[in-house]
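Observations on chain architecture
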Amino acid sequence: MKEKKLGLMSLILMIFTSVYGFNNIPRSYYLMGYAAIPWFVIAGILFFVPFAFMVAEFGSAFREETGGMYSWMCKSVGPKYAFVGTFMWYTSYVLWMVNVSSGIWVPVSNVIFGEDCTSQWSFFGIEFLSGSRLLGLMAVVFFIFITYFDSKGIDKISKVTSIGGTAVLVINIMVFVGSIVMIIARHGRLEQPFAGMESLQVPLNVAYQGSPIMILSFIVYALFAYGGIEAVGGLVDKTENPKKNFPKGIVIAAMVIVVGYASLIMLVGSFTNYKEILGAGDITLGNVSYVIMSNFAAAFGKAFGASEATQIALAHGFARVYALIMLLALLGAMFTLVYSPLKQLIDGTDKRLWPGKMGEIEEDGMPKNAMWIQCAIVCVMVLLVSFGGDTMQQFFLILTAMVNVGMTVPYMFISFAFPKFKKLQGLDRSFEVYKTQTSANIWGYVVTLTLLFANVFAIIQPALDGDFKTTFWSLSGPVIFGFAAWVIYTRYEKKINSEKVSSEEENAVEQKKIG
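Summary of the structure given here. Only a predicted model underlies this, so the values are computations on that prediction, with no experimental measurement involved. (Residues numbered from 1 in each chain as written. Predicted model: local features only at pLDDT ≥ 70, side-chain atom pairs only at ≥ 80, totals over all residues. Heavy atoms only, no water.)

**Considerations on the overall build of the chain**
A count of helices and strands for the chain gives 20 helices and two strands. For the chain, the share of sequence-separated contacts (at least 6 apart) that also reach a separation of at least 24 residues comes to 81%. If you sum the accessible surface of the chain, you get close to 23,000 Å²; carbon and sulfur atoms cover 66% of it. (Helix = DSSP H or I, 4+ residues; strand = E, 2+ residues; numbered from the N terminus. Contact = heavy atoms within 4.5 Å. Areas by Shrake-Rupley, 256 points an atom, 1.4 Å probe, with all protein chains shown as cover.)

**A look at the packing of aromatic side chains**
Scanning the entire structure with this criterion turns up 38 aromatic pairs. Ring plane angle 40° and centroid distance 5.0 Å describe the contact between Phe40 and Tyr261, whose orientation is recorded as tilted. Pair noted here: Phe40 is in helix H3 (residues 37-61) and Tyr261 is in helix H12 (residues 242-271), with a separation of 221 residues, a long-range link. Across the pair, Tyr261 and Phe40 agree in class, each one buried. (Phe/Tyr/Trp six-rings, centres within 6.5 Å; stacked < 30°, edge-to-face > 60°. Buried < 20%, exposed > 50% of the residue type's maximum accessible area, 1.4 Å probe, protein only.)

**What about the side chain of Ser294?**
In this fold, Ser294 is placed in helix H14 (residues 288-303). Not counting residues up to four positions away in its chain, the partners in contact with Ser294 are Ala315 and Ala319.

**A closer look at the environment of Leu267**
Relative to the helices and strands, Leu267 resides in helix H12. When sequence neighbours within four positions are dropped, the list of residues in contact with Leu267 reads Phe176, Ser179, Ile180 and Ile183.

**Side note on the side chain of Ser270**
Looking at where Ser270 falls in the secondary structure, it is placed in helix H12. Classification of Ser270 as buried rests on a relative accessible area of 1%. Engagement of the side chain of Ser270 in a polar contact is seen with the backbone oxygen of Leu267, the distance being 2.4 Å. Those residues within four positions of Ser270 in sequence are excluded, and the remaining contacts are Tyr34, Ser179, Ile183, Arg186, Leu190 and Glu191. (Polar contact = N/O pair within 3.5 Å; in protein donor to acceptor, adjacent residues only side chain to side chain.)

**Points about the pattern of salt bridges**
What the rule picks out here adds up to five salt bridges. Put simply, Glu191 and Arg186 hold a salt bridge, and the shortest N to O gap is 3.9 Å. Between Glu191 and Arg189 there is a salt bridge; the shortest N-O distance is 3.5 Å. We classify Glu191 as buried; its relative accessible area is 16%. Judged by relative accessible area, Arg189 falls into the partly exposed class, the value being 45%. One network of salt bridges, with partners in common, ties together Glu57, Lys422 and Glu432. (Salt bridge = Lys/Arg side-chain N within 4 Å of Asp/Glu carboxyl O.)

**Comments concerning the packing of helix H7 (residues 131-151) against helix H17 (residues 368-386)**
Any two packed helices are characterised by the angle at which their axes cross and by the distance between the axes. Contact geometry of H7 with H17 gives a least axis separation of 9 Å together with a crossing angle of 175°. Viewed along their axes, H7 and H17 adopt a mutual orientation that is roughly antiparallel. Contact residues: H7 offers Ser132, Arg133, Gly136, Leu137, Ala139, Val140, Phe143, Ile144, Thr147, Tyr148, Asp150 and Ser151, while H17 offers Lys368, Met371, Trp372, Gln374, Cys375, Val378, Cys379, Val382, Leu383 and Ser386. Of the residues that constitute the contact of H7 with H17, the class distribution is 13 nonpolar, six polar and three charged. (Axes fitted to C-alpha atoms, helices over the stretch in contact; angles between N-to-C directions. Parallel < 35°, antiparallel > 145°, perpendicular 65-115°, else oblique. Nonpolar A, V, L, I, M, F, W, Y, C, P; charged D, E, K, R; others polar.)

**Observations concerning a nonpolar patch on the surface**
The grouping of Leu169, Ile173, Phe176, Val177, Ile180, Val181, Ile184, Phe300 and Phe304 at the surface amounts to a nonpolar patch, some 800 Å² of accessible area in total. In terms of residue count, helix H8 (residues 160-185) provides more of the nonpolar patch than any other element does, seven residues in total. Along the chain, Val181 falls in helix H8. Judged by its relative accessible area of 31%, Val181 is partly exposed. (Patch = residues over 30% accessible without salt bridge, like charges linked within 9 Å, V, L, I, M, F, W, Y side chains within 5 Å.)

**Some thoughts on empty space enclosed by the protein**
Following the criterion strictly, the structure yields two cavities of 30 Å³ or more and no others. Quantified by volume, the largest cavity comes out at close to 50 Å³. Lining of the largest cavity is provided by Asn24, Arg27, Ser28, Tyr221, Phe224, Thr400 and Asn404. Secondary structure elements with two or more residues in the lining of the largest cavity: helix H2 (24-32), helix H11 (219-225) and helix H18 (392-423). (1 Å grid on protein atoms, 1.4 Å probe; cavity = no way out; pocket = protein on both sides within 12 Å on 5 of 7 lines; lining within 4 Å. Points joined across faces, edges and corners; volume = space filled by probe spheres on them.)

**Quick notes on helix H1 (residues 8-19)**
In this model H1 runs 17 Å from its N-terminal to its C-terminal C-alpha over twelve residues, within 8% of the 16 Å that 1.5 Å per residue would give. All of the buried residues along H1 are Leu11, Ile12, Ile15, Phe16 and Val19. End-on view of H1: buried residues confined to an arc of 135°, all on one side of the axis. Residues of H1 that are exposed and point over 90 degrees away from its buried face: Met9 and Thr17. Close packing links the buried residues of H1 with H3, H11 and H12. (Expected span 1.5 Å × (residues − 1). Arc of directions from axis to C-beta.)

**Structural notes on unusual backbone geometry**
Phi is positive for His187, which is not a glycine, with a value near 60°. On the secondary structure map, His187 appears in the loop between H8 and helix H9 (197-201). Judged by its relative accessible area of 76%, His187 falls in the exposed class.

**So, the environment of Pro203**
Considering the arrangement of structural elements, one finds Pro203 in the loop between H9 and helix H10 (212-217). For Pro203, a relative accessible area of 3% puts it in the buried group. Between the C-alpha atoms of Pro203 and Ile215, which are twelve residues apart in sequence, the distance is 8.2 Å. When neighbours within four sequence positions are excluded, Pro203 is seen to be in contact with Met32, Ala35, Tyr208, Gln209 and Ile215.

**Some remarks on the state of the cysteines**
Per the stated rule, a full pass over the model turns up zero disulfides. Cys375 carries a free sulfur, and the closest cysteine sulfur to it, the one in Cys379, is 4.0 Å from it. Overall, Cys375 belongs to the buried group, its relative accessible area being 4%. (Disulfide = S-S within 2.5 Å.)

This is the structure in structure tokens:
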């Protein structure tokens, strides 16, 4: 039976669902206001579109390889480079797990109470076990629970991802349509006034005003918003007429995603006055989405003359609905990602590479030993960050910074390998966007440098403001895990060489006996 190919619209929808994340919109508005919009456009031009074309060429040329990005880099540069890059890609999910394990209690709080009151939680009134420290302990228990169930092979609950994903799409449509309706009801007035170019240049967040490095560091958030595009590499050969439809699909999807982010950031301002709604000290990157969604419901009621009591009821009700949707999506993603990236990493490498029984895959397909080692690492990182003595705001800032840097650094390995991939001979290059070595070199290094500079600014900016802790944790993930990958592979090389020498010595002895 002939495999059904993806049409142009199906391809665009697959790229859109792989990349677009609604949570990036309220967070970006909170950090920069309308001034976030130009950076999404810049990140789209310098990173998203050229990088998507690169992974498409990789995926097409190595269509028979099962190792994904590991195979791309291994054949283009070498196995050690490929392992370090792939290991760092995997560990970005470890950082994501650290973030979500701690942050998942915000939607839980919203579901139960209709608002985020995690900063007020304490364990039997004990001050030491309150705020971020209590969330850290709860995160450890939660992650052990997830790992236990996943290690038993119970992954059916991951089906809630599709429910959460569909509901998040509905939320996007509701916000888009609801905002337009409110603008019409208010005769074109925006809650946060828009002053043209000035609003696009000057951040609403006081912390970013007059600080070029702070503003430049924001580009990491924009780059992170385009994360997930490495997944499109395997879609080239599943597309109808790929030479024509794939480049067109990427360009259209990129335009839809960039316009989607820009327009929805703009629409958030249509119902959210920055100073009134986001000026409070208890707003964090962990709860700002729920605050803005609560305000959306209240503003909708206000636009149509609802009483203050009705506005509050709408805000709490919608906060619960939105929190339940996000909770389902996060739970589904967590149950899947606790084992999926780890299994992919172990499956694609030699078992001898891993110490002890870490490289063993059980009969049910679960890398149980590696999952419990991963659990220990996540729990230690959660406790180190949560017991660092920070406010809730700083706690979520550190977690978000760790994930943003951790998830964008591995892309540099792929883009840096692209010019070398272009030099390889004997590959099926039936799909090509970069026709010449010069264009491959230029865009490979443009994307790499964009990622490098964005991450450098994101890492050093907190330290320049005296926040050395955020800088330390942002840098710690890539450095520690990159070094760990280098040590693991170097140990593996020594082991292989030792086995090779032993084998040669045995052969020599056998030859002497025969002689």
